[in-house]
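# A closer look at the structure
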Amino acid sequence: NAGVMQNPRHLVRRRGQEARLRCSPMKGHSHVYWYRQLPEEGLKFMVYLQKENIIDESGMPKERFSAEFPKEGPSILRIQQVVRGDSAAYFCASSLRTSGIVEQFFGPGTRLTVL
Amino acid sequence: QQQVKQSPQSLIVQKGGISIINCAYENTAFDYFPWYQQFPGKGPALLIAIRPDVSEKKEGRFTISFNKSAKQFSLHIMDSQPGDSATYFCAASPSIQGAQKLVFGQGTRLTINP
């Protein structure tokens, strides 16, 4: 019973390049959340998606960031034209339920370094 | 309104002692309060969680105490062990459908000295 999977685990990009982070939720989970963790800080919510729908993107920067969760395949967090301030750990979580207590299970994260 | 404030930032406890981490929130819509444990280089793992209809929940050496009127909750780790050394995050969320994003505290780096 595999948990939430994220890849790559480490990603190095130069300023101006694109970063694509992938997240495969736990089996049977159709809800995905992305969080960003800056060094020595807590996790900050970015976006909440269900299959083919963005439910809440209130934590997403207005420019350069986008997310999708297609009918088939993993969820993708895309960062265009990366800048040094995008260097962080990006965590994906998935959940099963749609209401009541929504227990979120986290993946191991992708650590993005922008040179 | 959306913040969860956590203290202390770091904590050193002797083996066998009690570790206590505190959190406070403002948003009265929050009704789910989990604690996560994170080891270096890993993702957060759910440790224990509580709803506001109870004042305390215990699982093994870990206990959450909840004070609804004060809007505060805390994690107690009894008989702390070196393996408990990690960063602990409190979080809060409303259980309203479509609004289940977790709001995290800033984290507490716990070190248990042998």
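Residues numbered from 1 in each chain as written. Chains lettered and ligands numbered in written order. Predicted model: local features only at pLDDT ≥ 70, side-chain atom pairs only at ≥ 80, totals over all residues. Heavy atoms only, no water.

## Observations concerning the overall build of chain A
A tally of helices and strands in chain A yields zero helices and eleven strands. Mapped from its N terminus to its C terminus, chain A presents α and β elements in the order β-β-β-β-β-β-β-β-β-β-β. The C-alpha atoms of chain A give a radius of gyration of 13 Å, which matches the 13 Å a tight globule of 115 residues would have. By principal-axis analysis of the C-alpha atoms, chain A measures approximately 40 × 25 × 25 Å. In chain A, which comprises 115 residues, the proportion classed as buried is 43%. Contacts in chain A between residues at least 24 apart in sequence constitute 53% of all its contacts with a sequence separation of at least 6. Put simply, chain A shows about 5900 Å² of open surface, and 47% of that area lies on carbon and sulfur atoms. Within chain A, one finds 17 positive and 11 negative side-chain charges whose respective centroids are separated by 6 Å. (Helix = DSSP H or I, 4+ residues; strand = E, 2+ residues; numbered from the N terminus. Rg over C-alpha atoms; globule rule 2.2 N^0.38 Å. Buried < 20%, exposed > 50% of the residue type's maximum accessible area, 1.4 Å probe, protein only. Contact = heavy atoms within 4.5 Å. Areas by Shrake-Rupley, 256 points an atom, 1.4 Å probe, with all protein chains shown as cover. Lys, Arg positive; Asp, Glu negative; His and termini not counted. Charge placed at Lys NZ, Arg CZ, Asp CG, Glu CD.)

## Concerning the interface of chain B and chain A
Opposite the 20 residues of chain B that make contact, chain A presents 25 residues. Of the roughly 1800 Å² buried where chain B meets chain A, counting both sides, 54% is carbon and sulfur surface. At the boundary of chain B with chain A, the tally comes to one salt bridge. Between D56 of chain A and K101 of chain B there is a salt bridge, and its shortest N-O distance comes to 3.8 Å. (Buried area = accessible area lost by both parts, 1.4 Å probe. Salt bridge = Lys/Arg side-chain N within 4 Å of Asp/Glu carboxyl O.)

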